[in-house]
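Spelled out, the chains give:
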Amino acid sequence: DYGCQLEIGAELGRGCGSTAWVAVLAASHHWLLGMFNAEAQDEVWGPSPDTLLSTSWGLQRIDAKPVPGGYRVSGHWKFSSGADHCTWVQVFVPVSDGNGGVKPLVGLVPRKDYQVADAWFAHGLAGTGSNDILIENAFIPEHRTLDMRLLGGGPTPGSAVNPSHLYKLPLWSIFSFNLGSPAIGIARGVLESYIEQAKNRHSAIFDVKMVNLPTIQLRVAESSAEIDAAEAICKLSNIELNRLGRAGNVPVEFRVKYRRDTSYAAMICMRACDRLQAASGAHAIAADNPIQRGFRDVRALNAQVAVIFDANAIPYGRVALGLDTGDPRI
C-alpha cells in the first residue's frame, strides 16, 4: 500500500527534504528490485535484508555489448540519490535487440563493479548525495537484468515470488507518485517555521506584531490550503490506485491522472513555499533558517523530470481530448 510511503515521506520532509527524498527513492528502488527475477533478488537480499541500492537513469555515456551469459557494460550515469550509502545500483542499459532496435534494460550492479563520483553540488536537496555512477567493463549476467518493456502493468518476473499487486503496477506511470510526498512535508515544515517565527517578530515599519498583519494571516491561510489540498490529492490517488491495482487493471485514463495529480501537488507545495519565503524578509535568507532550506529543496524537487508539471500534465490533456498519451511508457 502506498499510503505508508506517503506518510513517511511527508513526515520526514517536515524536518529535512533531503532525508525524505532519499528515503522514498530507496523504497522505490527496492520496489523495482521486487520486480526482478527471484535469483537477482536473492543475490541482493540473501546476505542481508537490509542491503540498500540506488538507481541511475541519467545516462551520459554507454557501451553495452551482448556476450555469452549477459552483457559487458561501460558507462556514466548521473543523479543516483543516496548512492554513497548503497552497495548495489540499478542503471539504465539500452542494448541492441539484434533486429536494428533497442532493448531497454535495467542492469543490477554490485558495488565492486562501479564507482561513485562526487559530482553533486546543488543549491537544493543538497544532502541527497545524488552523485554520478561510473562503470568500466563490468559483466552483468542475464539474470541481473530486467526488460523495461515488462513494466507496463501486469505480471513481472518478480511477481511470481512477490504476489502483492504492487509488483504488477505500471512502473513508469506511477513512479512519480513516490516523489510527491516529500514536497508535502517540506512545505508543511516551511509553514510551521514561518508561523513560529512570525509569532516572535515585530514589524518596525508598521509598529505592530507580525501576527496582527492581515497580509501575514492571508499568506498563512492560502499556503496551508495549498498544502492540505496537495496532501488530499495524493491520499485520494493512493486509495484509488490500490483499489485498481488489486483488481488487476489500471486503465490509461487513471495512469495519466496520477502523473498529473502528483506533479500538481508538488507544484502547489512549491507555490506555498514561494509565498511564505517572499513574506519572510531578510530573516529567511540566513543560512541557519529552515525556511530558505525548504524553499530551495522544494524547488529542486520540482525540477525532477518525473515531477515537472508541464511534462506530466500533457499526457492527461491529450487523453482527455481523445488523443493517445504521447508517451509509450504509459
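The paragraphs below set out a description of the structure included in this document. Not measured: the values here are computed from a predicted model.

Cut-offs and rules
Residues numbered from 1 in each chain as written. Predicted model: local features only at pLDDT ≥ 70, side-chain atom pairs only at ≥ 80, totals over all residues. Heavy atoms only, no water. Helix = DSSP H or I, 4+ residues; strand = E, 2+ residues; numbered from the N terminus. Rg over C-alpha atoms; globule rule 2.2 N^0.38 Å. Buried < 20%, exposed > 50% of the residue type's maximum accessible area, 1.4 Å probe, protein only. Contact = heavy atoms within 4.5 Å. Pairing = 2+ DSSP bridges. Axes fitted to C-alpha atoms, helices over the stretch in contact; angles between N-to-C directions. 1 Å grid on protein atoms, 1.4 Å probe; cavity = no way out; pocket = protein on both sides within 12 Å on 5 of 7 lines; lining within 4 Å. Points joined across faces, edges and corners; volume = space filled by probe spheres on them. Nonpolar A, V, L, I, M, F, W, Y, C, P; charged D, E, K, R; others polar. Disulfide = S-S within 2.5 Å. Phe/Tyr/Trp six-rings, centres within 6.5 Å; stacked < 30°, edge-to-face > 60°. Lys NZ or Arg CZ within 6 Å of the ring centre and 35° of its normal. Salt bridge = Lys/Arg side-chain N within 4 Å of Asp/Glu carboxyl O.

1. Section: the overall build of the protein chain
Across its full length, the protein chain holds nine helices and 10 strands. Over its C-alpha atoms the protein chain spans a radius of gyration of 22 Å, differing by no more than 12% from the 20 Å that the globule rule assigns to 330 residues. If one aligns the C-alpha atoms of the protein chain with their principal axes, the spans along those axes are about 80 × 45 × 35 Å. Sorting the 330 residues of the protein chain into buried and exposed places 52% on the buried side. Long-range pairs, those at least 24 residues apart, make up 70% of the contacts in the protein chain with a sequence separation of at least 6.

2. Some points on the sheet that holds strand 7 (residues 131-141)
Read across the open sheet, the four strands follow the order 2-3-7-6; overall the sheet is antiparallel. Because the sheet does not close on itself, it has two edges, and the strands there are strand 2 (58-67) and strand 6 (115-117). On average, each strand axis in the sheet is tilted by 15° relative to the strand beside it, whichever way the strands run. Of the strand pairs in this sheet, strand 6 and strand 7 are connected by three bridges, and their pairing is antiparallel. Across the sheet, Gln 115 pairs through a bridge with Leu 134, a residue of strand 7.

3. A word on empty space enclosed by the protein
The rolling of a water-molecule-sized probe over the atoms marks out the regions of remaining empty space. Tallied over the full model, the rule gives one cavity of 30 Å³ or more. Looking at the largest cavity, its volume works out to about 40 Å³. Along its surface, the largest cavity is lined by Tyr 194, Gln 197, Ala 198, Arg 201, Met 210, Ile 216, Ala 279, Ser 280 and Ile 291. For the lining of the largest cavity, the element with the most residues is helix 5 (residues 181-199), which contributes three residues.

4. Quick look at the pairing of strand 4 (residues 88-96)
The element strand 4 is largely enclosed, with a buried count of seven among its nine residues. Where strand 1 (residues 53-56) lies against strand 4, four bridges are found, and the strand directions are parallel. If you follow Thr 55 over to strand 4, its bridge partner there is Gln 90. The sheet contact formed by strand 4 and strand 5 (residues 102-110) spans nine bridges and is antiparallel. The partner of Val 89 across the bridge, within strand 5, is Val 109. From the end of strand 4 to the start of strand 5, which pair antiparallel, there are five residues, and Gly 98 there has a positive phi angle of about 85°.

5. Observations concerning the layout of surface pockets
Its boundaries defined by the atoms lining it, the largest pocket holds a volume of some 840 Å³. A class-by-class count of the residues in the lining of the largest pocket yields 16 nonpolar, 13 polar and three charged.

6. Description of the state of the cysteines
Taken as a whole, this structure holds zero disulfides when the rule is applied. Cysteine Cys 16 remains unbridged, with the sulfur of Cys 273 as its closest cysteine sulfur at 14 Å. Overall, Cys 16 belongs to the partly exposed group, its relative accessible area being 24%.

7. Some details on the packing of aromatic side chains
One pass over the structure, following the stated rule, counts three aromatic pairs. Judged by centre distance (5.7 Å) and plane angle (75°), the ring pair of Trp 57 and Trp 172 falls under edge-to-face. Here the residue Trp 57 occupies a position in the loop between strand 1 and strand 2, and Trp 172 occupies one in helix 4 (residues 171-174), the gap between them amounting to 115 residues. Across the ring face of Phe 79, the terminal group of Lys 78 is positioned such that the distance to the ring centre comes to 5.7 Å.

8. Quick notes on the pattern of salt bridges
With the rule as written, the count across this model stands at 20 salt bridges. Measuring nitrogen to oxygen at the nearest pair gives 3.1 Å for the salt bridge that ties Lys 78 to Asp 132. With Lys 78 in strand 3 (residues 70-80) and Asp 132 in strand 7, this residue pair connects regions lying 54 residues apart in the sequence. Note on Asp 132: relative accessible area 5%, which makes it buried. Note that Glu 240 is salt-bridged to Lys 257, the shortest N-O span being 3.6 Å. Here the residue Glu 240 occupies a position in helix 6 (residues 214-247), and Lys 257 occupies one in helix 7 (residues 252-278), the gap between them amounting to 17 residues. Residue Glu 240 is classed as buried on the basis of its relative accessible area, which comes to 18%. When salt bridges with common partners are traced through the structure, they connect Arg 188, Asp 228, Glu 231 and Lys 235 into a single cluster.

9. Structural notes on the pairing of strand 5
Here strand 5 lies mainly inside the structure; seven of its nine residues are buried. Direction of pairing for strand 5 relative to strand 8 (residues 145-147): antiparallel, over a ladder of three bridges. Across the sheet, residue Gly 107 finds its bridge partner in strand 8, namely Thr 145.

10. Regarding unusual backbone geometry
With the exception of glycine, most residues fall at negative phi, and the peptide bonds are largely trans. In this structure, Leu 125 is a non-glycine residue whose phi angle is positive, near 50°. Residue position: Leu 125 is located in the loop between strand 6 and strand 7. The buried category is assigned to Leu 125, whose relative accessible area is 4%. A positive phi angle, near 55°, is found at Asn 137, a position not held by glycine.

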